[in-house]
Amino acid sequence: MNDPNRNDPERVQAFMMAALDGELSVKDQAELQEMLDSDAALRAEWERLQTVKEVTTSMTYREPPEEVWDQYWDSVYNQTERKIGWLFLSAGLFVVFGWAIWRWIDLLLADTALPWIVRAGIFGAVFGGGVLFVSVAREKWFTRKRDPYKEIQR
Amino acid sequence: MEMVLEREPSVVSERDLILRAQAGERRAFGILVERYMRRAYFAALGFVGSHDDALDLSQDAFARAYRARHRINPDMPFYTWFYQILRRLCFNFTRDRKLHRNKLRDQKCWIADDAAFRSSERDPVRLVEKREARELVRSAIEELPGREREVLVLKEFEGLKYREIAEVIGVPIGTVMSRLYAARKSLARAIEETTT
């Protein structure tokens, strides 16, 4: 706050914010007052910001119904349990259906009466499905790794 | 020790609760949730402006925190760590809402008149004027960029000091002040545009 660059806009803005929020020292308060007295435009801006502060001070969050808090932790725990349940269910279904599809393809390919064009079709479908799966999984993995809000997280 | 947790959860230290939760004591994490659920809910409400969404997001953040409890550093404040999960969920949520152009589920419901202020204002005309100004400011807050809205909400509705805001969102105090200035300037513009 004791920067020698007195009229630096960022410094003036910081002074105004700190003054509005009661976080400005007495010494800096006096300096801000001097700036406001000598600059009409700054004074006008200060008054506008004061109006905003006055309005926001008169606002508060709307309280939710009290029963929300009674069930809060139980809901969190239930969510966790269900997520774990879904994870196991999905993994299990993936394995079972994967195995079933594999067995079905194996049986089809073992059928010597199957025309070569159908065999090629089965191969194409399996290959295409595999490529799609790997592509989507890779994209998801990279999206997770690269935080889209890293400039916010800092 | 379970008895101690059951009887006087408020006296058990945060570090102790984290260590117990990491050791598999579900109730210990439950006490942490009960300590911070209001703060988390209101923080989410400030981001998304809808009761149902704020409830879902804050609970989801706690559920994620529970699954990742082994990564919590017991020597650091729990809420600062937890808030990173919550804010990310909220930013993602608001981004998706904008992408899909979804409307707020219960718009206009997240802000109320402060009771102390209401009782202090005697002039009915001025009371109506102030109410209109609040309505304008509420709409303008919903239009603010996420980062500015976050800082404004932490300052005005959660009453944090600049140092505390800087700590939870992980930016220097100067950045907090400049975001706050930008937010308030937008709100002042919104009020001015309507009055002129």
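Please read all numbers here as calculations on a predicted model, not as lab measurements.

Visitor: Run through the interface of chain B and chain A, naming residues and quoting values.
Guide: By a widely used convention, the size of an interface equals the accessible area lost when the partners come together. With 63 residues of chain B at the contact, the number on the chain A side is 44 residues. Carbon and sulfur atoms make up 61% of the area that chain B and chain A hide from each other, which totals about 5100 Å². Three residues, Q59(B), Y181(B) and R184(B), lead the burial of chain B against chain A; their summed loss comes to 13% of the area buried on that side. For the interface between chain B and chain A, the tally reads six salt bridges. Here K53(A) makes a salt bridge to E156(B), at a shortest N to O gap of 3.2 Å. Of all elements in the fold, only α3 (26–48), α4 (51–67), α5 (78–99), β1 (111–113), α7 (124–143), α8 (146–156), α9 (162–169) and α10 (173–195) of chain B reach the threshold of two or more residues within the side of chain B that touches chain A.

Visitor: Got a sec to walk through the environment of D106(A)? Specific residues and values, please.
Guide: Residues and elements named next belong to chain A. Among the secondary structure elements, D106 is positioned in helix α5 (residues 72–110). Owing to a relative accessible area of 38%, D106 belongs among the partly exposed residues under this scheme. For the pair formed by D106 and D70, sequence separation is 36 residues and the distance between their alpha carbons is 55 Å.

Visitor: So, a nonpolar patch on the surface: which residues are in play, and what are the values?
Guide: Together, W86(A), L89(A), L93(A), F97(A) and I101(A) make up a nonpolar patch on the protein surface, roughly 550 Å² of accessible area in all. Within the element layout of this structure, W86(A) appears in helix α5.

Visitor: Please provide a residue-by-residue account of the nonpolar core, values included.
Guide: One broad trend across soluble globular proteins is that nonpolar side chains are buried collectively. Counting 90 residues, the largest nonpolar core has M16(A), F29(B), F62(B), F78(B), F82(B), Y83(B) and L86(B) as the members making the most contacts within it. The element contributing the most residues to this core is α3(B), with 15 residues. Once you skip the residues sitting within four places of it in the chain, Y83(B) turns out to touch A43(B), F47(B), E150(B), L154(B), V168(B) and I169(B).

What counts as what
- Residues numbered from 1 in each chain as written.
- Chains lettered and ligands numbered in written order.
- Predicted model: local features only at pLDDT ≥ 70, side-chain atom pairs only at ≥ 80, totals over all residues.
- Heavy atoms only, no water.
- Contact = heavy atoms within 4.5 Å.
- Buried area = accessible area lost by both parts, 1.4 Å probe.
- Salt bridge = Lys/Arg side-chain N within 4 Å of Asp/Glu carboxyl O.
- Helix = DSSP H or I, 4+ residues; strand = E, 2+ residues; numbered from the N terminus.
- Buried < 20%, exposed > 50% of the residue type's maximum accessible area, 1.4 Å probe, protein only.
- Patch = residues over 30% accessible without salt bridge, like charges linked within 9 Å, V, L, I, M, F, W, Y side chains within 5 Å.
- Areas by Shrake-Rupley, 256 points an atom, 1.4 Å probe, with all protein chains shown as cover.
- Core = buried A, V, L, I, M, F, W, Y, C linked by side-chain atoms within 4.5 Å.

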